[in-house]
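Analysis of the macromolecular model
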Amino acid sequence: MSDDIDIRIVGRAGRITLNRPDALNALSWDMCLRIEAALDEWTGDDAVALLVIDAVGDKAFCAGGDIAELFATGTAGDFAYGRRFWADEYRMNAKLFNFPKPVISLMQGFTMGGGVGVGCHGSHRVVCETSQIAMPEAGIGLIPDVGGSLLLARAPGRLGEYLGVTCDRMGPGDAIHAEFADYYIPRDRWPDLIAELSETGDWEAVDRAAETAPDSPLKEAQAQIDRLFSGETLRDILVDLNHHDGAVRDKAMKAIGRNSPLAMACAVEIIHRVRLRDSIEAALEQEYRYTYRAMEDGDFLEGIRAAIIDKDRTPTWKHDAPEAPGPAEVSRMLLPLGGEGLRL
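First things first, this report covers the structure right here in the doc. Remember, predicted model here, so these are calculated numbers, not experimental data.

Let's shift gears to the pattern of salt bridges. One pass over the structure, following the stated rule, counts 26 salt bridges. Put simply, Asp-88 and Arg-91 hold a salt bridge, and the shortest N to O gap is 2.9 Å. Here Asp-88 and its partner Arg-91 are both found in helix 3 (residues 79–97), three residues apart, which amounts to about one turn of the helix. Classification of Arg-91 by relative accessible area gives partly exposed; the value is 22%. Residue Arg-305 is joined to Asp-312 by a salt bridge in which the shortest nitrogen-to-oxygen separation is 2.6 Å.

Printed below as a string of structure tokens:
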């Protein structure tokens, strides 16, 4: 049992505190399993009126998953380790999404990837002046996962496609506009809010503490994003981008040029599929089809090498251009897994 996460009951609140500030509170496999165990225990515990999820440190709520071990095992040819990790993490994400009591998450600093799966599936998602939320997976050869594809599918207009393909970061105003968060409360007010929640079990304290959110640049750019990212495939989106100009287009093209073509193409397809089915279970199922194959057939290991291991920031993707992946390749990465499929 490690000290990376502190799980306890304080008054009327089930408390989950991520406690790896030196690692930006990156989510380990053990942390996922311990969160799941707490959710199972507290679901039927009448003494627990609500959950409060927070994190130690100023830099990050949770900047993602702990992927060093995934790289080590994957490069050794052990793909089973990653598949088990993702399956267990996704099961926890589904239980958190479906938890029958209010879940208040307080997300300072970076909330990315796996952190979104812990912080953005609750009923009362709080951001502050330092919050930066993103789904940056395409930059390391993965697709937006941990149920993030459902959040992207539900975002207004075509923000989901834009955020999933470009990995753009959202400040507090953007996060609320994109429906990754619900409330803006300055960070210095969080201790008193947590104390009140713990003492009373009254989740309406969050509503009472909320303040007007900062402006959202994404809201201002919404019409342009909707026009540029309405294509059915990544190739269609690229056609639209190449026939327009402006700051939104230029920023998007710069980001697209850095990311894994295969991951981006599959991200667009997954978002569209999930938008039609609109459930956390459907989202996680589609995501797992990709992550199951990500090490062996995708760009994930190369993406981790370039970003985390060698840190040269020059990945050699399987495709040399964003428009290169064709429909057959996308479909192959997202085929049903049969008996190996995700079990929630």
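Having seen the model, we can carry on.
We now examine the packing of helix 6 (residues 159–166) against helix 13 (residues 247–256). In contact at an axis separation of 8 Å, helix 6 and helix 13 are set at 45 degrees when each is read in the N-to-C sense. It follows that helix 6 is oblique to helix 13 by the angle criterion. Within the contact between the two elements, helix 6 uses Tyr-162, Val-165 and Thr-166 and helix 13 uses Lys-251, Ala-252, Ala-255 and Ile-256. Residue composition of the contact of helix 6 with helix 13, grouped by class: five nonpolar, one polar and one charged.

Let us now look at the sheet that holds strand 9 (residues 183–184). Hydrogen bonds between backbone groups are what pair the strands of a sheet, and the pairing can be parallel or antiparallel. One open sheet accounts for six strands, arranged 1-2-3-5-7-9; its pairing is mixed. The open sheet has two free edges, formed respectively by strand 1 (5–10) and strand 9, since each of these has just one partner strand. Sheet analysis places strand 7 (residues 124–127) next to strand 9, joined by two bridges and oriented parallel. When the bridges of strand 9 are listed, Val-126 appears paired with Tyr-183.

Cut-offs and rules
- Residues numbered from 1 in each chain as written.
- Predicted model: local features only at pLDDT ≥ 70, side-chain atom pairs only at ≥ 80, totals over all residues.
- Heavy atoms only, no water.
- Salt bridge = Lys/Arg side-chain N within 4 Å of Asp/Glu carboxyl O.
- Helix = DSSP H or I, 4+ residues; strand = E, 2+ residues; numbered from the N terminus.
- Buried < 20%, exposed > 50% of the residue type's maximum accessible area, 1.4 Å probe, protein only.
- Axes fitted to C-alpha atoms, helices over the stretch in contact; angles between N-to-C directions.
- Parallel < 35°, antiparallel > 145°, perpendicular 65-115°, else oblique.
- Contact = heavy atoms within 4.5 Å.
- Nonpolar A, V, L, I, M, F, W, Y, C, P; charged D, E, K, R; others polar.
- Pairing = 2+ DSSP bridges.

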